[in-house]
Amino acid sequence: QVLLVESGGGLVQAGGSLRLSCAASRRTFNTYALGWFRQAPGKEREFVAAIDGQGSTSYTDSVKGRFTISGDNAKNTVSLQMHSLKPEDTAIYYCAAGPRLTLFDGEYTYWGQGTQVTVSS
């Protein structure tokens, strides 16, 4: 059983920055891959970034160079630092845990409640 709680969402102007955090159950970071997904209004949920217990990371093309995922095993948290935000980044962002690093949401077992990110122009 893995509990995930996201925080850090908000409203920012285009070009601004936000840092999202996901607090996970104790010692999950070394056992599971942790990923970030997002879902915009009227659109399918899409992969954003993920990190595994060895520190390997993966990003969707649209956020490469702008977003950085990182983990802090001592605190059982994973963060998503977002820079140069664009209106198309507007979505509910979800943290998820799964057995391996993958971009497929169906392979993740546990999900947080989501946090809203809104980017205005």
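The structure under discussion appears in the preceding block.
Residues numbered from 1 in each chain as written. Predicted model: local features only at pLDDT ≥ 70, side-chain atom pairs only at ≥ 80, totals over all residues. Heavy atoms only, no water.

Q: Explain the nonpolar core to me, please; I cannot follow it from the model alone.
A: Soluble globular proteins: nonpolar side chains tend toward being buried together. The biggest cluster of nonpolar side chains holds 26 residues, and the ones touching the most others in it are Trp-36, Leu-80, Met-82 and Tyr-93. Within the residue set of this core, elements represented by two or more residues are strand E3 (18–24), strand E4 (33–39), strand E5 (46–51), strand E7 (67–72), strand E8 (77–82), strand E9 (91–98) and strand E11 (115–120). Contact partners of Leu-80, with chain neighbours within four places excluded, come to Leu-18, Arg-19, Leu-20, Trp-36, Val-48, Ala-49, Phe-67, Thr-68, Ile-69 and Tyr-93. (Core = buried A, V, L, I, M, F, W, Y, C linked by side-chain atoms within 4.5 Å. Buried < 20%, exposed > 50% of the residue type's maximum accessible area, 1.4 Å probe, protein only. Helix = DSSP H or I, 4+ residues; strand = E, 2+ residues; numbered from the N terminus. Contact = heavy atoms within 4.5 Å.)

Q: Got a minute to help me understand the side chain of Arg-38 in this structure?
A: Locating Arg-38 in the fold gives a position in strand E4. Judged by its relative accessible area of 4%, Arg-38 falls in the buried class. Reaching out from Arg-38, the side chain makes a polar contact with the side chain of Ser-62 at a distance of 3.4 Å. In contact with Arg-38, not counting residues within four places along its chain, are Glu-44, Arg-45, Glu-46, Val-48, Ser-62, Val-63, Phe-67, Glu-88, Asp-89, Ala-91, Ile-92 and Tyr-93. (Polar contact = N/O pair within 3.5 Å; in protein donor to acceptor, adjacent residues only side chain to side chain.)

Q: Explanation requested: the pairing of E3 in the structure shown.
A: Regular strands place side chains that alternate from one sheet face to the opposite one. Side chains Leu-18, Leu-20, Cys-22 and Ala-24 of E3 all project onto a buried face; the interleaved residues Arg-19, Ser-21 and Ala-23 project onto a face where none is buried. In terms of strand pairing, strand E1 (residues 4–7) meets E3 through four bridges, oriented antiparallel. Note on E3: the bridge partner recorded for Glu-6 is Cys-22. Where E3 lies against E8, six bridges are found, and the strand directions are antiparallel. Residue pairing in the sheet places Leu-18 in a bridge with Met-82 of E8. (Pairing = 2+ DSSP bridges.)

Q: Explain the state of the cysteines to me, please; I cannot follow it from the model alone.
A: Applying the stated criterion to the full structure yields one disulfide. Bridging Cys-22 to Cys-95, the disulfide has an S-S length of 2.1 Å. Across the S-S bond of Cys-22 and Cys-95 the torsion is about -80°, and the bridge reads as left-handed. Linking Cys-22 in strand E3 with Cys-95 in strand E9, this pair joins segments that are 73 residues apart in sequence. Per residue, the accessibility class of Cys-22 equals that of Cys-95, and both read buried. (Disulfide = S-S within 2.5 Å.)

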